[in-house]
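# Examination of the molecular architecture
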Amino acid sequence: MLGGCVRPLHTTLNALTDLEVEAAATARLTPGAADLIWRSREANKSVAVVSNNSVAAVTAFLEAHGLLTAVDLISARVDPDPGLMKPNPHLVRQALDQPGADAALSLLVGDSVTDMQASKSAGITAVGYANKAGKADRLAEAGADVVVTSMGELAAALSMR
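Definitions and cut-offs
- Within any chain, residue numbers begin from 1 and follow the written order of that chain's sequence.
- In keeping with the predicted nature of the model, local features appear solely for residues at pLDDT of at least 70, side-chain atom pairs appear and are counted solely at 80 or more, and the whole-chain, interface and lining totals rest on all residues.
- Heavy atoms from the whole structure form the basis of all side-chain values; hydrogens and water molecules are not counted.
- Numbering of helices and strands runs from the N terminus; a helix is a DSSP stretch of H or I covering at least four residues, while a strand is a stretch of E covering at least two.
- As a reference, a globule follows 2.2 Å times the number of residues to the power 0.38, and the radius of gyration itself is taken over C-alpha atoms.
- Three exposure classes are used, based on accessible area relative to the maximum for each residue type with a 1.4 Å probe and protein chains only: buried under 20%, partly exposed in between, and exposed over 50%.
- Pairs of residues are marked as contacts when any of their non-hydrogen atoms sit within 4.5 Å.
- For accessible areas, the Shrake-Rupley method is used with a probe of radius 1.4 Å. Any residue's cover is judged against the shown protein chains and nothing else.
- Polar contact is defined as a pair of N or O atoms within 3.5 Å, subject to the rule that within protein one atom must be able to donate a hydrogen and the other to accept it, and that residues adjacent in sequence are counted only when both atoms are side-chain atoms.
- By nonpolar core is meant a set of buried Ala, Val, Leu, Ile, Met, Phe, Trp, Tyr and Cys residues that side-chain atoms within 4.5 Å join together.
- Confidence of the predictor in every single residue is expressed as pLDDT, which spans 0 to 100.
- If DSSP finds at least two bridges between two strands, the strands pair.
- Lines are fitted to the C-alpha atoms to define the axes, a helix being fitted only along its stretch in contact, and any angle between axes, read from their N-to-C directions, falls within 0 to 180 degrees.

### Side note on the overall build of the chain
- Within the chain, the regular secondary structure consists of 7 helices and 5 strands.
- Reading the chain from its N end, one meets helices and strands in the order α-α-β-α-β-α-β-α-β-α-β-α.
- Since a compact globule built from 161 residues should have a radius of gyration of about 15 Å, the 17 Å found for the chain is in line with a globular shape.
- Seen along its three principal axes, the alpha-carbon backbone of the chain occupies a region of about 60 × 35 × 35 Å.
- Considering the chain as a whole, with its 161 residues, one finds that 33% of them fall into the buried category.
- When contacts within the chain are restricted to residue pairs at least 6 apart in sequence, long-range pairs at least 24 apart make up 52% of them.
- When the accessible surface of the chain is totalled, it reaches about 9400 Å², and 55% of it is carbon and sulfur.

Printed below as a string of structure tokens:
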């Protein structure tokens, strides 16, 4: 017992979720992400968000940016066990467990090494989004099948299909 106070795990998780939801209100949307999501929908592609953040925070963020209706599924943290978060493929596999999902036709676009690791562990294509200098090499080393530096590149590729 530190300082005479031990918080139950659910209380800590609730406090974390509250802070994430608060931060979602001011979080900026990645340039080109909305266009990519809407183009995916126009091409009849399902869109899922896989996040180590809470479902409540992801929902708040998508609502704030007018994207909630464009997303078919949110696979995000609901369990306090950090072992179920990326790089563990649990959240990716949860998205793939949905009817009609096909790992062979799925990809995960992510900007972190843990995103690439989770993608590869789940057996899906890993697209690295190198939004900062030096990230391209790290994402490639982590197993990215392809690395892009803008969401526009992905949206353009989708339009060509």
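### Considerations on the environment of Ala142
- For Ala142, the position within the fold is in the loop between helix H6 (135-141) and strand E5 (146-148).
- On the accessibility criterion, Ala142 (19% relative accessible area) is buried.
- Residues Ala142 and Ser112, 30 residues apart in the sequence, show an inter-C-alpha distance of 8.9 Å.
- Setting aside chain neighbours within four positions, we find Ala142 in contact with Val113, Met116, Gln117 and Lys120.

### Let's talk about unusual backbone geometry
- Note the cis peptide between Lys86 and Pro87, where omega equals 25 degrees.
- By the element assignment, Pro87 lies in the loop between strand E2 (73-77) and helix H4 (90-96).
- With a phi close to 60 degrees, Asn44 is a non-glycine residue in the positive phi region.
- Here Asn44 shows up in the loop between helix H2 (33-42) and strand E1 (48-54).

### Let's talk about the side chain of Ser51
- Assignment of secondary structure puts Ser51 in strand E1.
- The class for Ser51 is buried, based on a relative accessible area of 11%.
- Among the polar contacts made by the side chain of Ser51, one reaches the main-chain amide nitrogen of Asn53 at a distance of 2.9 Å.
- Apart from the residues lying within four places of it in its own chain, the contact partners of Ser51 are Val58, Ser75, Ala76, Arg77, Lys86 and Leu91.

### Topic: the nonpolar core
- Core analysis: the biggest nonpolar cluster contains 11 residues, these being Ala24, Ile37, Val47, Val58, Phe61, Leu62, Leu67, Ala70, Val71, Ile74 and Ala76.
- For this core, the secondary structure elements donating two or more residues are helix H3 (55-64) and E2.

### Focus on the confidence of the model for the chain
- Mean pLDDT over the chain works out to 92, with 93% of the residues at or above the 70 mark.
- Mean pLDDT values over the elements of the chain span from 86, in helix H1 (residues 9-24), up to 98, in strand E4 (residues 125-129).

### Thoughts on the sheet that holds E4
- Ordered in space as E3-E4-E5, the 3 strands form an open sheet in which the pairing is parallel. With one partner strand each, in any of the chains shown, strand E3 (107-110) and E5 form the two edges of the open sheet. Sheet twist, expressed as the mean angle between neighbouring strand axes with direction ignored, is 20 degrees.
- Of the strand pairs in this sheet, E4 and E5 are connected by 3 bridges, and their pairing is parallel. Within E5, the residue paired with Tyr129 across the bridge is Val148.
- Against the sheet, helix H5 (residues 113-122) makes contact with E3 and E4, and its axis sits at roughly 170 degrees relative to E4, the strand it touches most.

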